[in-house]
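# Notes for the structure review
Here is how the chains run, residue by residue.
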Amino acid sequence: MRQRILFVCMGNICRSPTAEGVTRKLAERFGVAGRFEFDSAGTHDYHIGKAPDARASKAAAMRGYDLSALKARQVDSADFARFDRILAMDRDNLDLLKQACPPEHHGKLGLFLEFASRHVEDEVPDPYYGGPEGFERVLDLIEDAAQGLLTRTGNG
């Protein structure tokens, strides 16, 4: 049975699509892609239907990750039942998920960086209003957490 994982940030154009793209590629690289289904969404409706931020796509592409097929969407009430894990990029978005999530699915919610082993941060900072170095930092954190997620779920 495939494990379904949803990555969530605010607008679904920087952090969560990067997490989806990186984790998908690493799962392919580790030979476990068939064991997972990955998706991403935002807690807000700011960018529905739009491609990831060009700066996020460029930074990801420079490391071999392709985000071009991804389109922003908002978290839907059905997501709470559909996904096995719903991983927020930061506490603010985790709090919004907790408010919207039916009580029986609260155990699925968490912070993505709980899976990181090489970084002490527990939130992926929003790089939207900064420069290219912010997108590089996001990739560093996401690569670490993605590897940990794949390893700790016993599939990487």
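Our structure is the block above this text.
Residues numbered from 1 in each chain as written. Predicted model: local features only at pLDDT ≥ 70, side-chain atom pairs only at ≥ 80, totals over all residues. Heavy atoms only, no water.

Moving on: the overall build of the protein. Scanning the protein from terminus to terminus reveals 5 helices and 4 strands. Ordered by position in the sequence, the α and β elements of the protein form the string β-α-β-α-α-β-α-β-α. By the compact-globule yardstick of 15 Å for 156 residues, the protein fits well, its C-alpha radius of gyration being 14 Å. When the backbone C-alpha atoms are referred to their principal axes, the protein occupies close to 40 × 35 × 30 Å. (Helix = DSSP H or I, 4+ residues; strand = E, 2+ residues; numbered from the N terminus. Rg over C-alpha atoms; globule rule 2.2 N^0.38 Å.)

The next point concerns the packing of helix α2 (residues 54-62) against helix α5 (residues 132-152). In contact at an axis separation of 9 Å, α2 and α5 are set at 55 degrees when each is read in the N-to-C sense. As summarised for this structure, α2 and α5 are arranged oblique, according to the angle between their axes. Between α2 and α5 lies a crossing of right-handed hand. Contacts between α2 and α5 pair R55, A56, A59 and A60 from the former with F135, E136 and L139 from the latter. Of the residues in the contact of α2 with α5, the class split is 5 nonpolar, no polar and 2 charged. (Axes fitted to C-alpha atoms, helices over the stretch in contact; angles between N-to-C directions. Parallel < 35°, antiparallel > 145°, perpendicular 65-115°, else oblique. Left-handed = near helix turned anticlockwise from the far one by under 90°. Contact = heavy atoms within 4.5 Å. Nonpolar A, V, L, I, M, F, W, Y, C, P; charged D, E, K, R; others polar.)

Turning our eyes to something else, we now look at the layout of surface pockets. The space that makes up the largest pocket amounts to roughly 160 Å³. Within the lining of the largest pocket, the residues separate by chemical class into 7 nonpolar, 3 polar and 2 charged. (1 Å grid on protein atoms, 1.4 Å probe; cavity = no way out; pocket = protein on both sides within 12 Å on 5 of 7 lines; lining within 4 Å. Points joined across faces, edges and corners; volume = space filled by probe spheres on them.)

The next thing to look at is the packing of aromatic side chains. Taken as a whole, this structure holds 4 aromatic pairs when the rule is applied. Judged by centre distance (5.3 Å) and plane angle (15 degrees), the ring pair of F36 and F38 falls under stacked. Side by side, F36 and F38 carry an identical accessibility label, which is buried. Measuring from centroid to centroid gives 4.8 Å for Y128 and Y129, while their planes differ by 85 degrees, and the two rings are edge-to-face. Accessibility expressed as a relative area gives 30% for Y128, which makes it partly exposed. Of the aromatic side chains, those joined through ring pairs into one cluster are F7, F36, F38 and F112. Positioned above the aromatic ring of Y128, the side-chain terminus of R55 is 5.3 Å from the ring centre. (Phe/Tyr/Trp six-rings, centres within 6.5 Å; stacked < 30°, edge-to-face > 60°. Buried < 20%, exposed > 50% of the residue type's maximum accessible area, 1.4 Å probe, protein only. Lys NZ or Arg CZ within 6 Å of the ring centre and 35° of its normal.)

What follows is about the environment of K25. One can find K25 in helix α1 (residues 15-29). Remark: the alpha-carbon pair of K25 and G64, spanning 39 residues in sequence, is separated by 8.6 Å. Not counting residues within four places of it along the chain, the set of residues in contact with K25 comprises G64 and Y65.

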